[in-house]
Amino acid sequence: MTADRPTAPAPAPRYDLPEPDVSTRPYWDAAAEGRLLLRRCRDCGRAHHYPREFCPHCWSEDVDWERASGRATLYTWSVVHRNDLPPFGGRVPYVAAVVDLAEGPRMMTEVVECEESALAIGMELRVTFQVEEGREAVAVFRPC
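Quick look at the structure, then. Values in this document were obtained by computation on a predicted structure and should not be read as measured data.

1. A few points about the packing of aromatic side chains
Then, number 1: Within the structure shown, the criterion is met by 3 aromatic pairs.
Then, number 2: Centroid distance Phe-54 to Trp-59: 5.2 Å. Interplanar angle 0 degrees. Geometry classified as stacked.
Then, number 3: Seen from their ring centres, Phe-88 and Tyr-94 are 6.1 Å apart, and the 35 degrees between their planes marks the pair as tilted.
Then, number 4: For Phe-88, a relative accessible area of 16% gives the class buried.
Then, number 5: Residue classification places Tyr-94 among the buried residues on the basis of a relative accessible area of 13%.

Here it is as structure tokens:
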């Protein structure tokens, strides 16, 4: 007979951790080195983001990695004051944003190091990377 042992509670699920796979590993490795990568289609010539193994414009699978300049403009944003999903609740308020990368694609991201009152559509931004323990480096943007 064995004594009942209390079990440790399961850790709260995380909703902010990317799930790298073989096809996206180059993106995450570059981010860890402070570089933003995009995919560019060799058939139609258009860049795209998020990383995937085919072109979302012409469906070609002839895509290659390209280093992005890191420059962007703010397309839209929302200041998040409440988020109940762990660990976002501990980060509020934060600025969830969509930026237009200089290379063309739009990217969902976060704007950091910027007062809410200074945010403006079309403002110039530059990529930077946030790294928290147990996470991949994540591309975020700050004012130039």
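2. What about the side chain of Thr-109?
Then, number 1: Along the chain, Thr-109 turns up in strand S6 (residues 106–111).
Then, number 2: We classify Thr-109 as buried; its relative accessible area is 14%.
Then, number 3: A polar contact of 3.1 Å, which involves the side chain of Thr-109, links it to the backbone oxygen of Ala-139.

3. Section: the pattern of salt bridges
Pairing of side chains with opposite charge becomes possible as their charged atoms draw close.
Then, number 1: In the structure shown here, the tally under the stated rule is 9 salt bridges.
Then, number 2: Here Arg-42 makes a salt bridge to Asp-64, at a shortest N to O gap of 3.1 Å. Of this pair, Arg-42 sits in the loop between strand S1 (37–41) and strand S2 (47–48) while Asp-64 sits in strand S3 (residues 63–67), and the two are 22 residues apart along the sequence.
Then, number 3: When its relative accessible area of 52% is taken as the criterion, Arg-42 is described as exposed.
Then, number 4: A relative accessible area of 35% places Asp-64 in the partly exposed class.
Then, number 5: Salt bridges linked by common partners bring Arg-25, Asp-29 and Glu-136 together as one network.

Thresholds applied
Residues numbered from 1 in each chain as written. Predicted model: local features only at pLDDT ≥ 70, side-chain atom pairs only at ≥ 80, totals over all residues. Heavy atoms only, no water. Phe/Tyr/Trp six-rings, centres within 6.5 Å; stacked < 30°, edge-to-face > 60°. Buried < 20%, exposed > 50% of the residue type's maximum accessible area, 1.4 Å probe, protein only. Helix = DSSP H or I, 4+ residues; strand = E, 2+ residues; numbered from the N terminus. Polar contact = N/O pair within 3.5 Å; in protein donor to acceptor, adjacent residues only side chain to side chain. Salt bridge = Lys/Arg side-chain N within 4 Å of Asp/Glu carboxyl O.

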